[in-house]
Amino acid sequence: MKKNLLKLAMVTLLSSMYVFVQAQSRQVTGTVTDAGGNPVVASVTLKDVSGVGTTTDENGAFSLSVPQTADSLIVSAVGYARQTFAISGDVLNLRLTADGAFNLDEVVVIGYGTQRKGDLTAPVATVNMENAAKRTISTPMDALQGTVTGVQVVSSGAPGTTPTVRVRGVGSFNNENPLYVVDGMFMDNIDFLNPNDIADMSVLKDASGAAIYGVRAANGVIIVTTKKGSLNMKPRVTYNGYVGVQTPNNVLKMADGSQFAAYSRAKGENSIVESSIKEFGGEGNNPAMSTDWYGELLRSGALITNHNLDVQGGSDKITYTFGINYLDQDGIMDAENYHRKYNIRMQAEARAASWLKIGFTGHLNNFNQFSPNNAAFRQAYFASPLYPVYDPNLELAKPVKFGTSASIGIPTGFWFNNPIATAYYNHNESKGFQILPSAYLEAEFWDKKLTFRSQLSQRYQSGHAIGYTPVYYIDNDQRSDRSYLRSAQTRNTNYILDNLLTYRDEAGAHHWTILLGQSAREERWRETWVSANDVPESPEFWYVGQGAQGIGSATGYGEGGFRNAGISYFTRGTYDYDNKYLLTATFRADGSSKYQTKWGYFPSLGLGWVLSREKFMENQSLFDLLKIRGSWGLLGNDGIQPNAGYAIVNSGNNNSAIFGSIGSTYGSRIPGYRVSRFFTQVRWEVVEEWDGGIDFAMLDNRLSGTVDYYYRKTKDLAFSRPIPFMWDRVYGNWGSVANSGWEIGLDWKDQAGELTYSIGVNATTLKNRVVDLGGLANIMNGFPEWSAEFPARIEENQPINYYYGYEVAGVYQSPAEIDADPIARQYNEVNPGSPILPGYLKYKDQNNNGELDEADRINLGNYLPKLTYGLNIGLNYKQFDFSVALQGVAGNKIHNLNRAMRRKYPQMNMDRAFYEGLWTGEGSTNEYPSAQGTVASWNLQASSFFVENGAYLRVQNIQAGYRFNIRGTVPVRVFATADRPFIFTGYNGFTPEVSGMGYDANVYPVSATYSVGLNVTF
């Protein structure tokens, strides 16, 4: 009986506790939509209660456990006004109001913290990752292209290749890459990340925003924060993936067999044509052989697929995220080339106490990349169409019967090698993994006004690269008599320890925040490589060392590496009065082991004035927001050579000699050595930058935008300069360079019935000028091996690396025109054996002295665009969505080195536009030379004929999607995407996106991608 009474009491007690708990809290569900009824991914939090909140799913739905006494929810989302809603029941339908692109309460990630967008005094740009996820991009850097003012991205078509990213021009001869900060870890690039894993990406463009990162910030800072779970969030599983095909885009058309034959005969080279006809058939200008080398080298379609699975959730004290991603991308070169990687991302955060939380974020990246031999694209431009890819009649060819240009009498060598064979006999594979763990604790004191955060971030990367060349024979130049293996191991080990103390407080209309920070870091990199000959073709034998199967011992060995350490102290203070008058001040002291000058100091100051909050603006109806801001600061660039405090010993043939040569007896080479004892105390480059801008929103927040003017000057520019009367060069801080321009971004968001739409445009101008070269008149530069023939030049008051040569004024049409030109007449008098003829290029006499001399060489333009722009359009109607993104540049030039190489290789082929434009008689063209003129030295000088307009407009992305629910609870979105389907350009090449200094020696083409995808949330 007592036991029964006890059981009854326990049941009654537990029931009472359950009823009590249920009475204390309740479950609130609902949806968040925009004015057109479209779902919005938003943050839903409980008003006045810290740590209680969740996020909506792709269908805008949410579920939240709230206390019975709770009366309001706060909902915020990017692009919408932050709003408070009353909890009027257990099911809520919440509708947000668009706030243009300027939601003042939106939280923006900045260096070592966050800040309200309305309080910013710096032009911090945020990337819309939702729009970026619509593209089939393999690296997050591509998401910046055409979307952020002040940022230029130059993409490459090769799988796994890191794009070039420039923030506000180029201010260094050494390192132009921005700093990437991923969850607190410093990175050189972020191509390992999956774009779907990124929650926020902020670009710190000016000195006021970036100075907090000191010596690493001169080229801009891109801060990446990955996705995290939320408290009281039910487990949510999201799959996002697509499958697509890549196709060659804007394929360069070359002269075919008959065109090449006609061209060869026109310039007097009949033997090549006759040899082809004799060997492979045909007659006259119609040889039987007409090989389309690019058609043979390119695939019609290459697979790309991306799959992402993400799990998020949280209880009242713990949040968690787990994500896994797999990318598989084949290259469009019809040979082995691909990029495969998978990422695993983990995040967990726990509230150990009401004042303490601890967290962990981890990234594991594994990759396998097979890089193509890009020389095949260069050789495909050179290759004559008059011989075949394969030639079964070549008895010595092995193991594959590839054809050779030698069969038709064209000299062999690198440039005339069979391009298909070059691509085929290539094994360049790299694989490895990377781990990025980050652990932190954050404690709050003094009524949450004081916060202390300590975070340890690490990076460990291990890579293995294998290059292998088998034994093969095509001709006497394209051959490998001994197999060759090179195996290299690389290791990166970095860490950063950050300690941050933040104090926030307010008094009436006064609000302020003070940050004190300390950071220590160390970076290590090491490479060890070995090589061997006579290695069997099977990968199971690709090991080097004594006792390795099939290999005796290594024939080559080397090691390299570096180790740097640094420590920093920094502070930032922000203040505003009534959210109207704004102040931001930062200071960082950086210590580095790389230089004898151990410490650098980097201050910055930003001011802002929100005019729209002033009383004199109360009665106006034009502006909903109007803010003026300005900033100044210093940044550093330690991506230059460190001090070398020791003598450099130079060896090699230039320092050796041969002794003992008598008659027909060869002497002996005696190695010599030369000691360079010159030393300069190198220090980091310093950028001083001014920025002034306006932020505004108007017409009921439908139109918003920003306008900025920037001026940044790099001082202590580091480069090597010659020492008079000696062979030595000395490296030091000698010059300065300036970049300036305007940045304009406009966004329009509105709706018409059930249709909501947005239009965003952005444009950036750039003026780049070298200010000082430390007394040097100029520095000659250019494409390796061709810098003497087609130079780029660095000179004061000119842009960096401008193309230097003659300006073409047309084409000589007749002997009378030649005789009337003092330059041509004088040249023919001096060179009667190779005179200027009709159909030759005419150069402009810049100083009108009747001679073509050095004074007539001018600035022909350079690779940096004077204008970069983008256009983004989005439409939503009921369950349908549609978006278009365009991107382009203008004002830049490209040096078409493909055409210019005819200077040394007259037997090379040509693009079809070149052939069809050739001068054939008086009045036929005033742009291209004659066939005979294409191989005349007069026409093959550095000139504007080889420098082309690099402007283009590319349709970057088109996507259409449709949303629906399965069983009313599982939101699904299906979509179809076209990436880079069209480009409008006048450039005669595969793509006007050419990295480096803009010399196009046949880059890997950028492809168009067509894909279908699926997004499902459970």
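Just so it is clear, the model here is predicted, and its values are computed rather than measured.

**Things to note about the pairing of strand β21 (residues 318–330)**
In this structure, strand β20 (residues 302–314) lies alongside β21, joined through 11 bridges in antiparallel fashion. Residue pairing across strands places T305 opposite D328, the latter belonging to β21. Two successive antiparallel strands, β20 and β21, enclose a turn made up of three residues. The pairing of β21 with strand β22 (residues 338–353) spans 13 bridges and is antiparallel. Paired with I318 across the strands is A350, a residue of β22.

**A closer look at the packing of helix α4 (residues 257–266) against helix α5 (residues 270–280)**
Two numbers describe how α4 lies on α5: the axes approach to 7 Å, and their chain directions differ by 140°. Here α5 runs oblique to α4, going by the angle between their axes. Residues F260, A261, S264 and R265 of α4 touch α5, and the partners they reach there are N270, I272, V273, E274 and I277. For the contact of α4 with α5, the residue count by class is five nonpolar, two polar and two charged.

**Overview of the environment of S736**
Here S736 is to be found in strand β40 (residues 729–752). Of the residues examined, S736 reaches a relative accessible area of 7% and is grouped as buried. Along the backbone, S736 and F602 are 134 residues apart, and their C-alpha atoms lie at a distance of 18 Å. In contact with S736, not counting residues within four places along its chain, are K713, T714, K715, L717, V770, V771 and D772.

**Considering the environment of A158**
Topologically, A158 is positioned in the loop between β11 (151–154) and β12 (164–167). Judged by its relative accessible area of 9%, A158 is buried.

**Observations regarding the confidence of the model for the protein chain**
On average, residues of the protein chain score 89 in pLDDT, and 93% of them reach the 70 mark or higher. When the criterion is pLDDT under 50, residues 5–23 qualifies, and its contacts beyond four places in sequence or with other chains add up to two contacts.

**Notes on the sheet that holds strand β43 (residues 779–782)**
The antiparallel open sheet is built from four strands, whose spatial order is β43-β44-β45-β48. Two strands close off the open sheet at either side, each with one partner strand: β43 and β48 (858–859). Where β43 lies against strand β44 (residues 791–794), four bridges are found, and the strand directions are antiparallel. When the sheet's bridge partners are listed, N781 is paired in β44 with A792.

**Quick word on the pairing of strand β56 (residues 1007–1017)**
Across the 11 residues that make up β56, a large majority, eight, are buried. Here strand β17 (residues 233–248) pairs with β56 via 11 bridges, running antiparallel. Along β56, the bridge assignment pairs G241 with L1014. In this structure, strand β54 (residues 970–985) lies alongside β56, joined through eight bridges in antiparallel fashion. Bridge pairing in β56 places V972 opposite V1016.

**Here's the deal with the packing of aromatic side chains**
For the structure shown, the criterion picks out 46 aromatic pairs. Plain terms: the ring middles of F382 and Y905 are 5.6 Å apart, the flat faces sit at 70° to each other, and that makes the pair edge-to-face. Here the residue F382 occupies a position in helix α7 (residues 375–382), and Y905 occupies one in the loop between α11 (897–900) and α12 (912–916), the gap between them amounting to 523 residues. Here the aromatic cluster, defined as three or more aromatic residues joined through ring pairs, consists of F382, F414, W415, F416, W786, F790, Y905, F914, Y928, F945 and F946. Positioned above the aromatic ring of Y338 is the side chain of R340, whose terminal nitrogen or guanidinium carbon lies 3.9 Å from the ring centre. Stacked on the ring of W786, the Lys or Arg K904 has its end atom at 4.8 Å from the ring centre.

**Focus: empty space enclosed by the protein**
Per the counting criterion, the structure on display carries 11 cavities of 30 Å³ or more. Quantified by volume, the largest cavity comes out at close to 230 Å³. Residue lining of the largest cavity: 19 residues in total, with S138, D142, S156, Q329 and R980 positioned closest to the centre. Residue composition of the lining of the largest cavity, grouped by class: five nonpolar, 12 polar and two charged. For the second largest cavity, the calculated volume is near 180 Å³. The wall of the second largest cavity is formed by 24 residues, among which Q152, V154, P865, V889 and Y952 lie closest to the centre. Residue contributions to the lining of the second largest cavity peak at four residues, all from β11. Taken together, the residues that form the lining of the second largest cavity break down as 12 nonpolar, nine polar and three charged.

**Thoughts on the nonpolar core**
Ranked by size, the top nonpolar core spans 94 residues in total, and within it Y294, L297, M333, F377, I836, L897 and M901 carry the most contacts. Among the elements that make up this core, the one with the highest residue count is α7 (five residues). Counting 52 residues, the second-largest nonpolar core is a separate cluster that includes Y112, L144, V165 and Y180.

**Some details on the sheet that holds strand β15 (residues 198–204)**
Strand pairing within a sheet occurs via backbone hydrogen bonds; the two strands may be parallel or antiparallel. As summarised here, the arrangement of the five strands in space is β10-β15-β16-β13-β14, forming an open sheet in which the pairing is mixed. Each edge of the sheet is formed by a strand with only one pairing partner; in this case those strands are β10 (124–126) and β14 (185–187). Adjacent strand axes in the sheet meet at a mean angle of 25° when their direction is disregarded. Sheet topology places strand β13 (residues 179–182) next to β14; three bridges connect them, and they run antiparallel. Bridging from a neighbouring strand, Y180 pairs with M187 of β14.

**Notes on unusual backbone geometry**
Of note, the bond from K398 into P399 is cis; its omega dihedral lies within 30 degrees of zero at -10°. Mapped onto the secondary structure, P399 falls in the loop between α7 and α8 (419–424). The backbone phi angle of D716 is positive, close to 60°, even though this residue is not glycine. Among the secondary structure elements, D716 is positioned in strand β39 (residues 703–722). Although it is not a glycine, K878 adopts a positive phi angle of roughly 55°. With respect to the helices, strands and loops of the structure, K878 is situated in the loop between β49 (867–877) and β50 (880–890).

Thresholds, definitions, all that
- Residues numbered from 1 in each chain as written.
- Predicted model: local features only at pLDDT ≥ 70, side-chain atom pairs only at ≥ 80, totals over all residues.
- Heavy atoms only, no water.
- Pairing = 2+ DSSP bridges.
- Helix = DSSP H or I, 4+ residues; strand = E, 2+ residues; numbered from the N terminus.
- Axes fitted to C-alpha atoms, helices over the stretch in contact; angles between N-to-C directions.
- Parallel < 35°, antiparallel > 145°, perpendicular 65-115°, else oblique.
- Contact = heavy atoms within 4.5 Å.
- Nonpolar A, V, L, I, M, F, W, Y, C, P; charged D, E, K, R; others polar.
- Buried < 20%, exposed > 50% of the residue type's maximum accessible area, 1.4 Å probe, protein only.
- pLDDT = per-residue confidence, 0-100.
- Phe/Tyr/Trp six-rings, centres within 6.5 Å; stacked < 30°, edge-to-face > 60°.
- Lys NZ or Arg CZ within 6 Å of the ring centre and 35° of its normal.
- 1 Å grid on protein atoms, 1.4 Å probe; cavity = no way out; pocket = protein on both sides within 12 Å on 5 of 7 lines; lining within 4 Å.
- Points joined across faces, edges and corners; volume = space filled by probe spheres on them.
- Core = buried A, V, L, I, M, F, W, Y, C linked by side-chain atoms within 4.5 Å.

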